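# An overview of the molecular structure
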Amino acid sequence: MMRSRYVTCLGREIHFTEWGDAAAPAVVAWHGLARSSRDFDDFAEALAGRWHVVCPDTPGRGLSQWAPDPARDYCLSFYVELAEALLDQLGLQKVHWVGTSMGGAIGTLGAATRLRGRIRRLVLNDNGPELAPVALERIKTYAGQPPSFTTVTELEAYFREIYASFGSLSDTQWRHLTETSLRRLPDGRVTTHYDPALVAQFEHHPDDYLLWDAWDQLDLPVLCLRGEDSTLLTAETAQAMRERGPRAAVALIPGCGHAPALNTPEQIGLIERFLSADPTP
């Protein structure tokens, strides 16, 4: 059911996977900082019977082109501009948005600015308008200096360690995550798929993830899934999200930290029920 496609947006080649009938209501699923579109394979397959699901690779991740100017391109405002160009090319005037971590921040900023009125419902997977600095520092550390390994098996062990907070993944799912998250170096070793320069975002755009101004402008239904053990989205921030701006519904996901893998019937069902509550076709 999955289709792999490429388009050029803002002069960058963007890869995305596409699921379901292109005439069906559209759901954009956008991944986290150092992840890729393939994280949504289970989620998209589950929704494909009713929805048209589009899962892009952000520049510098997956199979999308790496940024020629990391300091300029690796930031939320550019990602929103690129998302707008992608929706225009695909002829998607109205979409639901499901964003994990960074993908949620792109959705929040987009719904408040360039994509205002085009995003009908917003799902934030362990993301909010303020993120815990200590957890951000940890992500910057491992994302900016990815290790390399002799074997894919060793790389899988690394992923199992750093992504343990994703929740319960089967052996098959861990292998899938690994095989869709690697690239081979000239010396034959394997490493993570993404451009390490993506952490330039934190140096050149230090307040990129402080989005309360955008949050308070939102006028659409928002569902936030917070990992019960998340160190990135604190309970205090989640409570503030309930009380201001669009007054999000917040669901606590047990057995997960940052961020739930959206790979269980319970997690997928929460999102699908929220999206299905939209009265428009």
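Bear in mind the structure is a predicted one, so any value in this text is a computation, not a measurement.

### Describing the pairing of strand β4 (residues 52–56)
- Among the five residues in β4, five count as buried, and that is most of the element.
- Residues of β4 alternate between two faces, with H52, V54 and P56 on one and V53 and C55 on the opposite face, all of them buried.
- Across four bridges, the pairing between strand β2 (residues 12–19) and β4 is antiparallel. Its bridge partner being in β4, W19 is matched across the sheet by V53.
- Pairing geometry for strand β3 (residues 26–30) and β4, over three bridges, is parallel. Bridging from a neighbouring strand, A26 pairs with H52 of β4.

### A closer look at the UniProt feature "domain: AB hydrolase-1" (unreviewed entry) in the protein
- Here, the residues flagged by UniProt with the feature "domain: AB hydrolase-1" (unreviewed entry) are residues 25–260.
- Across residues 25–260, helical content stands at 38% and strand content at 18%; the span's end C-alpha atoms are separated by 24 Å.

### Examining empty space enclosed by the protein
- Evaluation of the coordinates by the stated rule reveals one cavity of 30 Å³ or more.
- Within this model, the largest cavity holds a volume of roughly 60 Å³.
- Around the largest cavity, the lining residues are L33, S101, M102, L131, L136, I139, F202, Y209 and L232.
- Per-class residue counts for the lining of the largest cavity are eight nonpolar, one polar and no charged.

### A few points about helix α10 (residues 235–243)
- Within the span of α10, buried status applies to T237, A238, A240 and M241. Take α10 and look down its axis: the buried residues cluster within an arc of 160 degrees, on one side only.
- Structurally, α10 contributes buried residues whose contacts are with β6 (119–125), α9 (212–217), β10 (222–227) and β11 (249–253).

### Let's talk about the environment of T108
- Its place among the elements puts T108 in helix α4 (residues 102–112).
- Sequence-wise, T108 and V95 are 13 residues apart; in three dimensions their C-alpha atoms are separated by 13 Å.
- Look past the residues within four positions of T108 in its chain and what remains in contact with it is L122, L124, N127, L211, A214, W215 and L218.

The rules behind these values
Here the residue numbering is sequential within each chain, running from 1 through the sequence in written order. Reporting of local features is limited, given that this is a predicted model, to residues whose pLDDT is at least 70; pairs of side-chain atoms are given and counted only at 80 or more, and all residues count toward the totals for whole chains, interfaces and linings. To obtain the side-chain values, all non-hydrogen atoms of the structure were used and water was disregarded. Using a 1.4 Å probe on the protein chains alone, a residue whose accessible area is under 20% of its type maximum counts as buried, one over 50% counts as exposed, and one in between counts as partly exposed. Here a helix means four or more residues in a row that DSSP labels H or I, a strand means two or more in a row labelled E, and each is numbered from the N terminus. If DSSP finds at least two bridges between two strands, the strands pair. UniProt positions are given in the numbering used here, feature names are shortened, and annotations may be inferred rather than shown by experiment. For cavity detection a 1 Å grid was placed over the protein atoms alone, and a set of points counts as a cavity when a 1.4 Å probe fits there but cannot get out; an open set counts as a pocket when protein lies on both sides within 12 Å along at least five of seven lines, with lining residues being those that have an atom within 4 Å of a point. Grid points are joined across faces, edges and corners, and a volume is the space filled by probe spheres set on the points. Three residue categories are used. Nonpolar comprises Ala, Val, Leu, Ile, Met, Phe, Trp, Tyr, Cys and Pro, charged comprises Asp, Glu, Lys and Arg, and polar comprises the others, including Gly. Directions from the helix axis toward the C-beta atoms define the arc. Two residues qualify as a contact provided that any one of their heavy atoms is within 4.5 Å of a heavy atom in the partner residue.

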